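# Examination of the molecular architecture
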Amino acid sequence: MTTTPTAPAAPAVKRDRTHYLYIAVIAAVALGIVVGLVWPDAGVQLKPLGTGFVNLIKMMISPIIFCTIVLGIGSVRKAAKVGAVGGIALGYFLVMSLVALSIGLVVGNILHPGDGLHLTNAIKASGHSQVDSEALGPVDFVLSIIPTTFVSAFTEGQVLQTLLIALLAGFALQAMGSVGQPVLRGVEHIQRLVFRILGMIMWAAPIGAFGAIAAVVGSAGIDALKSLAVLMLGFYVTCVLFVFVVLGAILRIVAGLNIFTLFKYLAREFLLILSTSSSESALPRLIAKMEHLGVSKAVVGITVPTGYSFNLDGTMIYMTMASLYIADALGTPMSVGEQIPLLLFLLLASKGAAGVSGAGLATLAGGLQSHKPALVDGVGLIVGIDRFMSEARALTNFAGNSVATVLIGTWTKDIDKARMRQVLAGELPFDETTLLDEGADAKPGLPEQREELAKA
């Protein structure tokens, strides 16, 4: 009696249970809104839950940036290539910041949302209290990028300081050649550990989202939304136009990619930002996902961290519209000749406030104090809804940095387009457990880079 040979059983596919996590985040956001509306005092008391979760994520940003940049630069044989990526990134960020300012300028002059409002002494005092002494001038800002010690760049949580240390370490390993390969392998193992810890932290996202949303709704309430609805609506519409019209057109022309397809791939990160109102909460995941998409480690490592300080498109739009709103509310509308110098000043001031907590409102108040002090009285008008507007700021900033990474990867030819198509089509799913591509075959990056690593 003969038996028909049977094919070996296919290995069991590991089920991705993380979709339950993001369903829980959505439910937590809805519950947080209810708690904030029904029991506002209790909602405000829940703020530490949101703050704690965001702090856990921030704790992981420095080691992730360090590992990503060191591995990216260390695996590139030509140092000039890294410099080219940085130069293109900074040039692009400057142009897009000016575009964002211009769009905000046009919409603000059309809407005139501040007409007819009245200031009280309490509102004036609230505005002056927002002036943040932490915002630095251009020279002090550049000097602040240099950390006190090699290790303090990690302990103080300064992204640009970590970026500097990582660049120095990456170039040093690059110069060491084959002697530095054991160190690179060690950094790669540390990166796996760090991303695994981040994956564990993400399971606390529903708790953080619940606390953050409940506190926002409980502290602001419906009255603040009603009184400033025109400004909020105008700001949100402007952000949507900038992202889907301006960025969408550039992405389609340069990379041939539909922006909706890219954002579908990043949907979980957008949900995380929406629930925590912090674009930093998605920074580590953006690094992992861009590498998985096929953008080289060098491009991701330089573009994403730098973009979080220099490519704040949402903040640019916010400062433009808020300045015009305040000027109208005070009954001293600015002419175009007055608007342009103020906004260019705010463009520079926003770089000096990189990394400052609540940088949007603090930068606006500090910039007005330095350039047009009379307008600081009106900053108190938007304090009540700033938290809601920070949602749009964070989402727009994140969208701008994700698009920038793909664009710069395309311009420098450091993106694997075949892999990008596979990933966006769902053929190569992102590993939510490790946040990394395990195995040589799955390693992201260009074929020639993988060959170089294999030879080393």
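As shown above, the structure is provided for reference.
The text that follows walks through the structure, step by step, so that each part is easy to find. From a predicted model like this one, the values you see are computed outputs, not experimental measurements. (Residues numbered from 1 in each chain as written. Predicted model: local features only at pLDDT ≥ 70, side-chain atom pairs only at ≥ 80, totals over all residues. Heavy atoms only, no water.)

### Focus: the packing of helix α3 (residues 47-74) against helix α14 (residues 283-293)
Axis separation between α3 and α14 bottoms out at 8 Å; the angle between their running directions is 35 degrees. The residues of α14 that touch α3, namely those facing Ile57, Ile61, Ile64, Ile65 and Thr68, are Leu283, Pro284, Ile287 and Glu291. (Axes fitted to C-alpha atoms, helices over the stretch in contact; angles between N-to-C directions. Helix = DSSP H or I, 4+ residues; strand = E, 2+ residues; numbered from the N terminus. Contact = heavy atoms within 4.5 Å.)

### A short note on the packing of aromatic side chains
In this description, an aromatic ring pair is defined by two values, namely the gap between the centres and the angle between the planes. What the rule picks out here adds up to nine aromatic pairs. Ring centres 5.1 Å apart and planes at 85 degrees place the aromatic pair Phe270 and Phe398 in the edge-to-face group. In this pair, Phe270 is assigned in helix α13 (residues 267-276) and Phe398 in helix α19 (residues 383-411), connecting sequence segments 128 residues apart. On the basis of relative accessibility, which here comes to 16%, the residue Phe270 falls in the buried class. A relative accessible area of 0% means that Phe398 is categorised as buried. An aromatic cluster of three or more residues is present, and its members are Phe244, Phe260, Phe263, Phe270 and Phe398. Between Lys289 and the ring centre of Tyr265, over which it is positioned, the NZ or CZ distance is 4.8 Å. Just above the ring of Tyr318 sits the side chain of Arg393; from NZ or CZ to the centre is 4.2 Å. (Phe/Tyr/Trp six-rings, centres within 6.5 Å; stacked < 30°, edge-to-face > 60°. Buried < 20%, exposed > 50% of the residue type's maximum accessible area, 1.4 Å probe, protein only. Lys NZ or Arg CZ within 6 Å of the ring centre and 35° of its normal.)

### Here we look at the pattern of salt bridges
According to the stated counting rule, one finds four salt bridges in the structure shown. Glu269 is the salt-bridge partner of Arg285, the closest N and O atoms lying 2.5 Å from each other. In this pair, Arg285 is assigned in helix α14 and Glu269 in helix α13, connecting sequence segments 16 residues apart. As far as burial versus exposure is concerned, Arg285 and Glu269 are alike and both buried. Between Lys297 and Glu291 there is a salt bridge, with its nearest N and O atoms 3.0 Å apart. Linked by salt bridges that have partners in common, Glu269, Arg285 and Lys289 make up one network. (Salt bridge = Lys/Arg side-chain N within 4 Å of Asp/Glu carboxyl O.)

### Section: helix α9 (residues 181-201)
For α9, with 21 residues, the first-to-last C-alpha span of 30 Å sits near the 30 Å given by 1.5 Å per residue. Here α9 has its buried residues at Gln181, Leu184, Val187, Glu188, Gln191, Val194, Phe195, Leu198, Gly199 and Ile201. Each buried residue of α9 lies within a common arc of 150 degrees when the element is viewed along its axis, so the set occupies one face. Across from the buried face of α9, at angles greater than 90 degrees, the exposed residues are His189, Leu193 and Met200. (Expected span 1.5 Å × (residues − 1). Arc of directions from axis to C-beta.)

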